[in-house]
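Now for the letters of each chain:
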Amino acid sequence: MQRYGRSRINPNVPDVNTDWYAQIMKSHATQQNHSLSVLGGNDKTSYSLGMSYFDQEGLLEAKNSYKRMNLRASIDHQANSWLKTGVNFNVSNGTRYIADDAAWFEAYHAVPILPVYDQENYNYLLAQGQTNASNYASAQLLGYRGSQNPFFPLVYRDNRQDIRKVLSGIYAELELIPNKLTFKTNYNLSMMFLKGRNVGLPYYATNQTNRLLSTISSSRTTDVNQFWDNTLNYSDTFGDHNLTAMVGTSYRDEWYDYLGASAEDIPVNENAWYIGQTKSEASKNADDNAERLHGISYFGRVSYNYKNRYIAYATVRVEGTQKYQETWGTFPAFGLGWVVSEEDFFPDVDLINYLKIRGGWGKLGNDKIARQDGANTTNPVFLAIDDTQVDGTKTTSTFGYLGWETVTGTNIGLNAEMFNNRLSIEADYFVRDTEDAAIPVSLKLQAGSVLRNVGIIRNSGFEMVGSWKGKINNDLKYTVGANISTLKNEVRDLYGQTYIDGGQAEFRQRSQVGEPLLSFFGYEVAGVYQNQAEINSDPVAAANGLIPGDFKFIDQQREGEEGHGVIDDDDKVFLGSYIPTLTYGGFVGLSYKNFEFSMNIMGQSGNKILNRKRGEIIWTNDTNFDADLATGLWNGEGTSNKYPSAAGLRKGWNQNFSDYFLEDGAFFRIQNIQLAYNIKGEKLIGPGMPDARIYVTAEKPLTLFKYNGFSPEVPDGIDRQFYPVPAVYTIGISLKF
Amino acid sequence: MKIKHLITYFAPVFFSGVLLISVIGCTDKLDLPFEDVAFTSDVDYTKGEDMILPLLGAYEGLYTRGWEDPVTLGIRGDDVNAAGDQAPMQEQDAFNYLPSHWNLNSIWQNHYNDIINAFTAMDEIEKYRAAAGNDALANQYIAECRTIRAYLYLNMAKAFGKIIVIDQLDNIQSTPASSKVEVMQYIVDEMDEVIPLLPDMNPNKRSDIQGGITRYTAYALQALAYQEMEDYQGAATAAAAIISSGEYQLSDDFYHLFKKAGKLDDEIILEFQYSDFNSGTGDRFGHLFAPFGLQWTPARAGAGGGWNFYEPTKKYIKFMLDRGETVRLETSVHWTPDGITEIQDEWGTLPAWITNTNREGDVFINNARKKWGAGKWIQPSTELIEGRTDPGSNKNMIVIRYAEILLVYAEALTRGASSNISMTADQAVNLVRTRAGLNSLSGVTTQIVLNEKLAELGTEWDIRFYDMVRTGNTAELSHEGKTFTMNKAYFPIPAPQLAELPQLAEGINE
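Residues numbered from 1 in each chain as written. Chains lettered and ligands numbered in written order. Predicted model: local features only at pLDDT ≥ 70, side-chain atom pairs only at ≥ 80, totals over all residues. Heavy atoms only, no water.

- An unreviewed UniProt entry lists chain B under the name RagB/SusD family nutrient uptake outer membrane protein, with Gaoshiqia sediminis as the source organism.
- For the record of chain B, the UniProt heading Sequence similarities (unreviewed entry) holds the text "Belongs to the SusD family."
- As recorded by UniProt, the Subcellular location (unreviewed entry) comment attached to chain B reads in full: "Cell outer membrane". (UniProt positions renumbered as here; feature names shortened; annotations may be inferred.)

- Naming follows an unreviewed UniProt entry, where chain A appears as SusC/RagA family TonB-linked outer membrane protein of Gaoshiqia sediminis.
- According to UniProt, the comment filed for chain A under the heading Subcellular location (unreviewed entry) is "Cell outer membrane".

Take a look at the structure:
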C-alpha cells in the first residue's frame, strides 16, 4: 500500500485493480486462410494441384503466431484394362511462436492489487546497476510467495517451432475379374520433422523473480509412420441374391524419435541462440527418447442380400500389436437387416417411403491404451556423494501389463424415410460392454498407478437422428435436423475388487460396481454453519473446531446408526460423473435464391465438472479466484449457504473434497453460423467470369452455461483450463474458374 | 497371344497373392522389445563391480525427500510454527488433524516409495553377489538398505502410530498393520542383525560411499527406537556403543556445522547429501529448501529467499533468551525487524548482538508470513555457487548427529539405566553445553536433559515433539493458543491409504 497508494473505494487495499486477462490478451487477433487449387485430366488421367497459406495471430501480448504453407499434388492414372494407379504428395512448412501457457495460469490467479509495472522498483534496480533489470511488478514485493505477474513468462520467453510435414501415398488397383474381383494395395508414408527452440531471456525484478542466466532448450522430433493395406474384393449377383466378400491385411509401423539438448548462458542476439554458443560448458545437457510400435491386422467380410430386402453380414478381424503384452486379439461381428418397405405386403404410400429394421452384434479391439512396460525396468539415477556426481540404478517394483481391451456391442435400430422422403429418421438402442477394460490400479502404499485389464464397463443408450427437408417455393428451401442421444455408463465388474480409486487423492474419483466409471467421491455439503447456536448444537462442529462460515457436511448415518455424529470416510458418497447422460445437436439450413444460411447447435447435460481452479487454493492460498465465489462468500448469518467464509476457504475442513468443488456441466452452444451469397459469374457479369461465393462465418459465437469457468467443454471433467475459448469470425470468398 | 493372355490374367493374380501374403512375414516385428526401455532382465549381472549401483539407487531414494517431508514432520513441536499459506500444516501445528490433508498422504507415499525402493535394491544386490565374489561386501550393501528402510519406518511409525511393515512386496494387501511398539521392536531387531555387517567407522571415513551408512547409523536408529519404547537401558547401551567407538566428536563450530563447512563433519551420524557439484550451471542434486527460507536482501544478489513455511516459536526464542544462549540462538533463529520488536516488547531488551542480519551479511526483511526463520535450515546466500539461486542449493540436511545421541544417553542414565562405559550423564550434557559456550552442570536430572535437548536440537525434525509426547507433557506442547491432548500424538492414517488398505483402520491410534 505504501508502494501503490491507498484505494479510495476500499482503503484496506492498494489503489490498483488490474484486469489481468485484459492486460495479457489482445481484444482480437486475425487469422487468414488462402487456398488455390487446380483440377484437370482426361478419360485416363486426372490430377489435382493446390497450395494454401494459413496465417494466425495469437491472442496473447507476446510473440505468438502460426504461419504455414501447404503444397499438394495428386494424380490418378488408368494404365491399362486392369491396372489403375495413383500417387499423392502433400508437403507443409510452418513456423509457430508459442506463448507460455503458464501465463494463463498466472493471469487467472494473479491478485488484482498488483499492477503490471513497478517503476519504483525499476528505478531502484537501475540505480543499483542491476543487469537485465525488469520494470514488471512482482507480487513478492507485496509479501506474496510467487511473482504472480503473467508478463514474466510472456515477455522473457521465445518459444519457436518449425514444423515440416510430408504426407504421401501410392496405390494400385488391379481388376482380376472384370466387375467382380479387384485387388487394391495402398502404401502411405507420413513424416513429421519438428524443430523446437525454447529460449528463456534473462531478467531481474527481485531476488526471487529473476532469471540470471539465459537458457535454451533445442529439440528435434521425427515421426515416421508407414501404413500398408491390401484388400481383395469380390462382388457378384445370382438372380436376386447379391453377395460381396472381402479379405485383407494391414501393416502399421509408427516410429517416434526425439532428441533434445539444453544449455544456459547463451548470447542475447537471436542468431547466436545455439547450444554451442553457451559460455558454460557444464550446463550442456542432452536427452532423447523413442517409441516404435508395429501392428498387423487380417480381416474379412461377407455380406449378402436378397432382393435388397433381407440383408446379412459377418466380419472378423484378427489384430496383432506390439504395444500389448498379449499380442493378438480376434474380433468377430455380424448383423441382420430387413427392409420392410421392400416387402410386397407393404403399402406403397407417401407416409412411409422406406423402412429398415436392423440389428447387430460385434466385438472391437481398442488399440489406443497407453503402452505399459510389462516387466520390471532398471533405470539410471544420479546423486551426490561428497560433492561428486555418482551414478546408481533404481529398479521398479511393479509394472503395467496389458492385453486387448474388447468392446462387445449389441444394437438394434431402424432407418426410415417418411412423408415423400422429406423426413428421415435413424434410431438405435445400444449396449456396449468394455471387457478387460484397462483401468489404472493404484500402487499399494506408494504413489502412482499402472494399467491392468481389470474391469467390465457398460455403456448403453439410445440415439436418434432426424432431418426434415422442405420447400416453401422454388426460391425458398430449408432443412432442419436434430440428433439426441442418451448414455448410461456403469461399472459392471472389477474382477474381485470392490472399488478402484482414481483421480488425484485430494479430488478422489472412484470406480465401483454399479456406478459410472471414475465417479467423483466425497462429502455432500448440507450448507454453511450460519451462527454459533448451530455450531453448539452439532457435535461434528465441536469435534472439528468449526465456526460459522464453515461447511456443514451431510452425516450419512441416521441417529442410532453406527458412525452417526462424526464425519469420516463412511460419509463419503458418489457425487456424480463427468460423463454426460444426454447430448444433443441441431442443424438449420435455409436457401433463398442466391443466399444460403446455416446454423449448427449442440449441447449436453447430466455431467459434473470438477472446478479444479478453485481447488488450487489447497496448495497456494493467497491467489485470486473467480468472481462468483469472490462475491458469494459467506460473510455473516444468512449471506450464503453455498460458499464458506473467506477464512473458511483456507481451512482444511472446507478443502475436504465435496460437491462444493463440483458444478453442473450442462451447456448449450451455437457451434457455427454461416451466411453465404453465391454469384454465377457468367450470368451476372458476362461469359468467362468466375463463379464466386462470399461468406461470413461465426464459430462458437454463443455458449450458455452455469459453470464458473471459461468453457463447460472439459475433457474428463477436470477443469484446469485457464484460457478463454475464442469465438472465430471469418469472412471469405471462393472463386471457381 | 498365349503369353499375352498369361500376362493379362495371371500377372495381376500373382502379384495380388504375393502382396496379400507378404504381410504375414512381418509378424515377428510384433515380438520386438520396446524401444528406449531398459528391462531388468537385460541387466548384466556378471559385472561384479556394478553391485554398488542398486545401493546408490537406494541412497538416491533416501536423499530425495519431498519438500513437505521435513516440514510436516517438524511443525508440531512447541519449538516450531507452521507459517506461510499451507492450511493443512497450520491446522496440524494447532493439532487439528484431517485424514484428507494432502501432505499426510504425500509424506506417507514418499516414505513408502523409498522403503519399497530399498527392497528392490536388495534383490538387485543379491543378483550381483556371485559375480562380485565378495560375500561380506554384498552383505554390507544389503545391511545398508535395511538401515535406510529402518530409518524410513521409524519416521512413519512415530508420525502415524500404526503402519504396515512390509514382509513381501507382493503381499502388502494382506499384511496386518503393526503398532508403533511393534515397529520399534522390529527396528531394534533389524539393527541387531545388520550392525556386525556394516563398516566400523565414522561415515566420513568411508572411501566408497563417503557419508553413507555405518554401524553407528544403525546403533543410532536402535537407540532412538529404544527411546520411543521407553526402554532406556536399551537406548543407553546403543548410545554407549557410539560414544565408546571414538569415531565421533562434537564440531567446535556450532554455527558452521549447519552450513557448507559442516558437510560430512565428524559430529554427523546421518545426513542427506546435496550438491551443486562445484559448478554454477548444469546438473545439481538438491532438496527444495525454499519452504524454510525467509524474505531477505541477500548478500549475493539474486539468491532466492523462501516461502516462509517454518518458523521458530516465540516460546522457543524466549526459552533460549532466558537461558542466555548465544551461538545456539544465533544459529537456530533468524530475525526480521518486526520479530525483534515483538520479542523486545514481550521479553525485554535484547542482547545487542541480535540483529536482522546474519554473519554473512544477508538482511532479513519484514514479511506478513513470518517473523523468524529457522536458521539451521537456511543457507547463507554467500555459500551458493555463482550462478545458482535456489535457496539452500549445495546445503546438506543433517538427520542424526552425535549431540543428540549424547543427550539420549544422558537422559537414559538419569532414568536409571546403567552403562558399561565411564561417561556419566553430567559429562555427556556438559560436552554439549561446553561447545555452546555454557557453564558445566552437575547432578543433571531428566528435566535438565530434556531442556538441554530443546536448546541444542530445537527446530530439528520432530525431536522435541516426540520428547514431549513420550513424557506425556501435554502442558509444554499446549502453547501459544494451541491445545495438545495425548490423542493428538499421531497423525490420522491418510484417507486414501485407509481406502486401499482397510487393515490400517483396525484400532487406529489407540
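1. Topic: the domain arrangement of chain B
All names here are of chain B.
Here is step 1: Per the domain assignment, the segments of chain B are domain 1 (51-258 + 268-273 + 398-424 + 461-485) and domain 2 (290-395).
Here is step 2: Each of domain 1 and domain 2 has a C-alpha centre, and the two are 27 Å apart.
Here is step 3: Taken residue by residue, the interface counts 24 residues in domain 1 and 24 residues in domain 2.
Here is step 4: Overall, the association of domain 1 and domain 2 removes approximately 2,200 Å² of surface from exposure, summing both partners, and the carbon and sulfur fraction of that is 61%.
Here is step 5: The largest share of the area that domain 1 buries against domain 2 comes from Phe 254, Tyr 255 and Phe 258, three residues that together contribute 32% of it.
Here is step 6: Counting the contacts that link domain 1 with domain 2 gives two salt bridges.
Here is step 7: With a shortest N-O distance of 2.6 Å, Glu 476 and Lys 315 are connected by a salt bridge.
Here is step 8: Where domain 1 meets domain 2, there are eleven residue pairs in polar contact (both at pLDDT 80 or more).
Here is step 9: Put simply, the parts of the chain that give the side of domain 1 that touches domain 2 at least two residues each are helix H3 (68-74), strand E1 (80-82) and helix H10 (254-257). (Domains from an automatic or database assignment. Contact = heavy atoms within 4.5 Å. Buried area = accessible area lost by both parts, 1.4 Å probe. Salt bridge = Lys/Arg side-chain N within 4 Å of Asp/Glu carboxyl O. Polar contact = N/O pair within 3.5 Å; in protein donor to acceptor, adjacent residues only side chain to side chain. Helix = DSSP H or I, 4+ residues; strand = E, 2+ residues; numbered from the N terminus.)

2. Here's the deal with the UniProt feature "domain: SusD-like N-terminal" (unreviewed entry) in chain B
Here is step 1: Here, UniProt's "domain: SusD-like N-terminal" (unreviewed entry) annotation points to residues 102-223 of chain B.
Here is step 2: Measuring from the first to the last C-alpha atom of residues 102-223 of chain B gives 31 Å, for a span that is 66% helix and 0% strand.

3. Thoughts on a negative patch on the surface
Here is step 1: On the surface, a cluster of negative charge is made up of Asp257(A), Asp287(A), Asp288(A), Glu35(B) and Asp36(B).
Here is step 2: Positionally, Asp257(A) belongs in strand E10 (residues 241-264). (Patch = residues over 30% accessible without salt bridge, like charges linked within 9 Å, V, L, I, M, F, W, Y side chains within 5 Å. Areas by Shrake-Rupley, 256 points an atom, 1.4 Å probe, with all protein chains shown as cover. Lys, Arg positive; Asp, Glu negative; His and termini not counted. Charge placed at Lys NZ, Arg CZ, Asp CG, Glu CD.)

4. Here we look at the packing of helix H9 (residues 232-245) of chain B against helix H14 (residues 402-414) of chain B
Residue and element names in this part refer to chain B.
Here is step 1: Two elements in contact, H9 and H14, have axes whose closest approach is 8 Å; the angle formed by their N-to-C orientations is 140 degrees. Classified by the angle their axes make, H9 and H14 are oblique. Taken as a pair, H9 and H14 cross one another with a handedness that is left-handed. Taken together, the residues of H14 that come into contact with H9 (itself represented by Tyr 232, Ala 235, Ala 236, Ala 239, Ala 240, Ile 242 and Ile 243) are Tyr 402, Ile 405, Leu 406, Val 408, Tyr 409, Glu 411, Ala 412 and Leu 413.
Here is step 2: When its residues are assigned to classes, the contact of H9 with H14 shows 14 nonpolar, no polar and one charged. (Axes fitted to C-alpha atoms, helices over the stretch in contact; angles between N-to-C directions. Parallel < 35°, antiparallel > 145°, perpendicular 65-115°, else oblique. Left-handed = near helix turned anticlockwise from the far one by under 90°. Nonpolar A, V, L, I, M, F, W, Y, C, P; charged D, E, K, R; others polar.)

5. Side note on the pairing of strand E30 (residues 608-611) of chain A
Residues and elements named next belong to chain A.
Here is step 1: Examined bridge by bridge, E30 and strand E31 (residues 662-664) share three bridges and lie antiparallel to one another. Along E31, the bridge assignment pairs Ile 609 with Glu 663.
Here is step 2: Summarising the sheet, E30 and strand E34 (residues 718-719) pair through two bridges and their orientation is parallel. Residue Leu 610 lies in a different strand from E34, and its bridge partner there is Ile 718. (Pairing = 2+ DSSP bridges.)

6. So, the sheet that holds E31(A)
Here is step 1: With mixed pairing, three strands are arranged side by side in an open sheet as E31-E30-E34 (chain A). Among the strands making up the open sheet, the edge pair consists of E31 and E34 of chain A.

7. Remarks on the side chain of Asn305(A)
All names here are of chain A.
Here is step 1: Mapped onto the secondary structure, Asn 305 falls in strand E11 (residues 285-306).
Here is step 2: Given the relative accessible area of 15%, Asn 305 is considered buried.
Here is step 3: For Asn 305, the side chain forms a polar contact with the main-chain nitrogen of Asn 308, separated by 3.0 Å.
Here is step 4: What Asn 305 contacts, discounting residues up to four positions off in sequence, is Asp 240, His 241, Asn 242, Tyr 310 and Ile 311. (Buried < 20%, exposed > 50% of the residue type's maximum accessible area, 1.4 Å probe, protein only.)

8. So, the packing of aromatic side chains
Here is step 1: One pass over the structure, following the stated rule, counts 62 aromatic pairs over all chains.
Here is step 2: Aromatic pair Phe553(A) and Trp653(A): ring centres 5.1 Å apart, planes at 45 degrees, arrangement tilted. With Phe553(A) in strand E26 (residues 551-553) and Trp653(A) in helix H10 (residues 652-655), this pair connects stretches of sequence that are 100 residues apart. Trp653(A) shares its class with Phe553(A); the two are buried.
Here is step 3: The interplanar angle of 45 degrees and the centroid separation of 6.3 Å between the aromatic rings of Phe289(B) and Phe292(B) together place this pair among those described as tilted. The pair Phe289(B) / Phe292(B) is uniform in exposure class, with both members buried.
Here is step 4: Lying across the ring of Phe491(B), Arg76(B) places its NZ or CZ 3.7 Å from the centre.
Here is step 5: One residue, Arg149(B), lies across the ring of Phe119(B), its end atom 4.7 Å from the ring centre. (Phe/Tyr/Trp six-rings, centres within 6.5 Å; stacked < 30°, edge-to-face > 60°. Lys NZ or Arg CZ within 6 Å of the ring centre and 35° of its normal.)

9. Observations regarding the domain arrangement of chain A
Residues and elements named next belong to chain A.
Here is step 1: Partitioning chain A into domains gives domain 1 (307-382 + 403-463 + 484-523), domain 2 (524-571 + 608-653) and domain 3 (580-601 + 665-737).
Here is step 2: Distance between the C-alpha centres of domain 1 and domain 3: 31 Å.
Here is step 3: At the junction of the two partners, domain 1 supplies six residues and domain 3 supplies seven residues.
Here is step 4: Carbon and sulfur atoms supply 47% of the area buried between domain 1 and domain 3, which totals about 470 Å² over both sides.
Here is step 5: Of all residues in domain 1, Ile 484, Ser 485 and Leu 487 give up the largest surface area on contact with domain 3, accounting jointly for 66% of the area buried on that side.
Here is step 6: The tally of links between domain 1 and domain 3 comes to zero salt bridges.
Here is step 7: Taken together, the links from domain 1 to domain 3 amount to two residue pairs in polar contact (both at pLDDT 80 or more).

10. Notes on the interface of chain A and chain B
Many authors give the size of an interface as the accessible area that is lost as the parts come together.
Here is step 1: Taken together, the 94 residues of chain A in the interface contact 92 residues of chain B.
Here is step 2: Interface of chain A and chain B: buried area, both sides summed, is about 7,600 Å²; carbon and sulfur atoms make up 59% of it.
Here is step 3: Counting every contact that joins chain A to chain B gives three salt bridges.
Here is step 4: The salt bridge involving Glu60(B) is made with Lys394(A); its shortest N-O contact spans 2.7 Å.
Here is step 5: Our enumeration of links across chain A and chain B arrives at 29 residue pairs in polar contact (both at pLDDT 80 or more).
Here is step 6: Considering each element in turn, the side of chain A that touches chain B owes the most residues, eleven residues, to E11(A).
Here is step 7: Considered class by class, the residues forming the side of chain A that touches chain B number 32 nonpolar, 40 polar and 22 charged.

11. Side note on the nonpolar core
Here is step 1: Grouped together as the largest cluster of nonpolar side chains are 172 residues, with contacts concentrated most on Tyr153(B), Phe160(B) and Ile166(B).
Here is step 2: The biggest single contributor to this core is helix H6 (residues 135-160) of chain B, with 15 residues.
Here is step 3: Formed by 26 residues, the second largest nonpolar core is a distinct cluster that contains Ile24(A), Ala139(A), Tyr156(A) and Ala205(A). (Core = buried A, V, L, I, M, F, W, Y, C linked by side-chain atoms within 4.5 Å.)

12. Digging into unusual backbone geometry
All names here are of chain A.
Here is step 1: Backbone geometry at Asn 132 places phi at a positive 55 degrees, although glycine is not the residue there.
Here is step 2: Note that Asn 132 resides in the loop between helix H3 (119-128) and helix H4 (151-155).
Here is step 3: Positive phi values are uncommon outside glycine, yet Lys 700 reaches one of about 50 degrees.
Here is step 4: Looking at the secondary structure, you find Lys 700 in strand E33 (residues 691-705).

13. Topic: the side chain of Arg149(B)
Residues and elements named next belong to chain B.
Here is step 1: Turning to its location among the elements, Arg 149 is positioned in helix H6.
Here is step 2: Taking relative accessible area as the criterion, Arg 149 reaches 5% and is therefore assigned buried.
Here is step 3: Separated by 3.2 Å, the side chains of Arg 149 and Tyr 186 make a polar contact.

14. Points about helix H17 (residues 463-470) of chain B
Three or four residues apart is the spacing at which side chains of an α-helix point the same way, because the helix has 3.6 residues per turn.
Residue and element names in this part refer to chain B.
Here is step 1: Burial analysis of H17 places eight of its eight residues in the buried class, which makes it a mostly covered element.
Here is step 2: The inward-facing, buried residues of H17 contact H6, helix H8 (215-228), H9, H14, helix H16 (446-457) and helix H18 (474-477).
Here is step 3: Following H17 by one or two positions, Gly 472 adopts a phi angle in the positive range, close to 60 degrees.

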